[in-house]
Amino acid sequence: MRTTPNLSFKETFFIGLMLFAIFFGAGNLIFPLSLGQAAGENLVPAIVGFLLTGVGLPLLGVIAMGVSKNEDVQTISAKVHPVFGLLFPVVIYLTLGPLFAVPRTGTVSYEIGIVPFLPEALRTSGWGMALYSVVFFAITYLLSLNPSKIVDRIGKILTPVLLLILFVLLTKSVADPLGSTQVPVGLYESAPFFKGFQEGYLTMDTIGSFVFGLIVISTIRAKGVESTRQIAKVTATAGFVAAAGLALVYIGLAYTGATSVETLGHLENGGLIITNVSNLHFGLWGNLILGIAIFFACLTTSIGLIVACASFFNKLRPSISYKNYVLILTIVSAVISNVGLTQIISFSIPVLVAIYPIVIVLIALTLMGPALKNRNAVYTWSVLFAGIVSVFDGIKAAGFEPGIIGFLGEHLPLFSLGMGWLIPAILGGFLGYGLSFRQKAYALEEV
């Protein structure tokens, strides 16, 4: 009988570091800083909420993929309905790809690595970003055509370098803060935990966990592990390693942002915050070193996401070649990146508010898969009820408030806090569970 090898803790630990490197992208750097500035004296409850969605849910997503017996986002989504199984993955990949995540890699690397060295005229004209986007996404395009080990090696080298730079910067910020925490602003004053919870959506890591979890599983299988139980165990352990690293970085960044307001004032995005903090602590050399590391980190993230999206769409519709998908995706990403970081974030919020609860429900149901025993009605009704409410959440986040929004705010628990989908999702799950017995009864009668 063939025995399945057990991976050592060292091997599992390095898989966890790989997962951390995959998760740690542009959004992971900038959003905790903005949260810290806005939360101020309410930093603790705000960062706890952020860690739940920015670390806890991605961890659960990776674990869910580990126990799902090699199912992907299409297979899981199809349990809701075949049409949903086709459309929802498309939404997921467009969100992770050319609409938000990939353009953000260009704007973040530009604002952190290039803007500090530009004359004022270029900073405000828009030509600087336009020229930079052509160069950045041309490189992305060329390297995405034939993704090779060189990109993987750049990532393996640059991620530790970036972490070392961040460690030095955050240590300096903690030991010698720029000021004291200030009065919280907006919802961080009245509901810091729930505002931080929603802010964690912006990292998009919970959405990405569907894709990244499969990468981890492929890595484990490549080492000769075939046992379903062993794959789930290694995936979970690696997930905890990545989650611990993300949590530590987030807490340090949030504290840096919270203590920067007294000196910098409230800045419009995290890219500007870290650029100014780095400059005040280490001067232009600090900006230069940080900018180079951020450039390569964002470039490898951009390439990885373009490759994943092009592969998905090529599989979905093979009549268009992989290379043509890469071209289309990079051009769209380059155009959208010129909108600017603050605007990209603003546009992404309503979409993420609308789809994140659905992703959370799918992760929860996947984790409960063995207990549900493929009762797909549970998936259907839970996602349906959560999705209806989350769509109205997204409409509200976009600044529109039709009469039904006010009605839901008055009668649906937690709706005003952005969590109104939770109870409907649970009720929908129970309804689907009950209906599944009835469906089985009908099936037996027909037999």
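Model, not experiment: these values are computed from the prediction. (Residues numbered from 1 in each chain as written. Predicted model: local features only at pLDDT ≥ 70, side-chain atom pairs only at ≥ 80, totals over all residues. Heavy atoms only, no water.)

Here the focus is the pattern of salt bridges. One pass over the structure, following the stated rule, counts 3 salt bridges. In this structure, D176 engages K172 in a salt bridge whose closest nitrogen and oxygen atoms are separated by 3.7 Å. Owing to a relative accessible area of 40%, D176 belongs among the partly exposed residues under this scheme. Residues R221 and E226 are paired through a salt bridge, measuring 2.9 Å at the closest nitrogen-oxygen approach. Residue R221 is classed as partly exposed on the basis of its relative accessible area, which comes to 31%. On the accessibility criterion, E226 (42% relative accessible area) is partly exposed. (Salt bridge = Lys/Arg side-chain N within 4 Å of Asp/Glu carboxyl O. Buried < 20%, exposed > 50% of the residue type's maximum accessible area, 1.4 Å probe, protein only.)

This brings us to the packing of aromatic side chains. Within the structure shown, the criterion is met by 19 aromatic pairs. Here the aromatic rings of Y110 and Y132 are separated by 5.4 Å at their centres, their planes lie at 45 degrees, and the arrangement is tilted. With Y110 in helix 6 (residues 101–113) and Y132 in helix 8 (residues 127–145), the pair connects residues that are 22 residues apart, well separated along the chain. Taken as a pair, Y110 and Y132 share a single burial class, namely buried. Residues F312 and F313 carry aromatic rings whose centres are separated by 5.1 Å and whose planes lie at 75 degrees to one another, so their mutual orientation is edge-to-face. Neither residue differs from the other here; F312 and F313 are each classed as buried. An aromatic cluster of three or more residues is present, and its members are Y110, Y132, F136, F137, F295 and F296. (Phe/Tyr/Trp six-rings, centres within 6.5 Å; stacked < 30°, edge-to-face > 60°. Helix = DSSP H or I, 4+ residues; strand = E, 2+ residues; numbered from the N terminus.)

Residue placement: E71 occurs in the loop between helix 3 (43–67) and helix 4 (73–78). Its relative accessible area of 18% is what places E71 among the buried residues. Separated by 143 residues in sequence, E71 and L214 have C-alpha atoms that sit 8.5 Å apart. If near-sequence neighbours (up to four positions away) are discounted, E71 is found in contact with M65, I76, K79 and L214. (Contact = heavy atoms within 4.5 Å.)

What follows is about unusual backbone geometry. Phi is positive for M204, close to 65 degrees, though the residue is something other than glycine. Tracing the sequence through the fold places M204 in the loop between helix 11 (192–199) and helix 12 (205–222). Looking at M204, the relative accessible area reads 2%, which means it is buried. Positive phi outside glycine occurs at L414, with the angle close to 75 degrees. Structurally, L414 can be placed in the loop between helix 20 (403–411) and helix 21 (422–446). Among the residues examined, L414 registers a relative accessible area of 30% and is labelled partly exposed.

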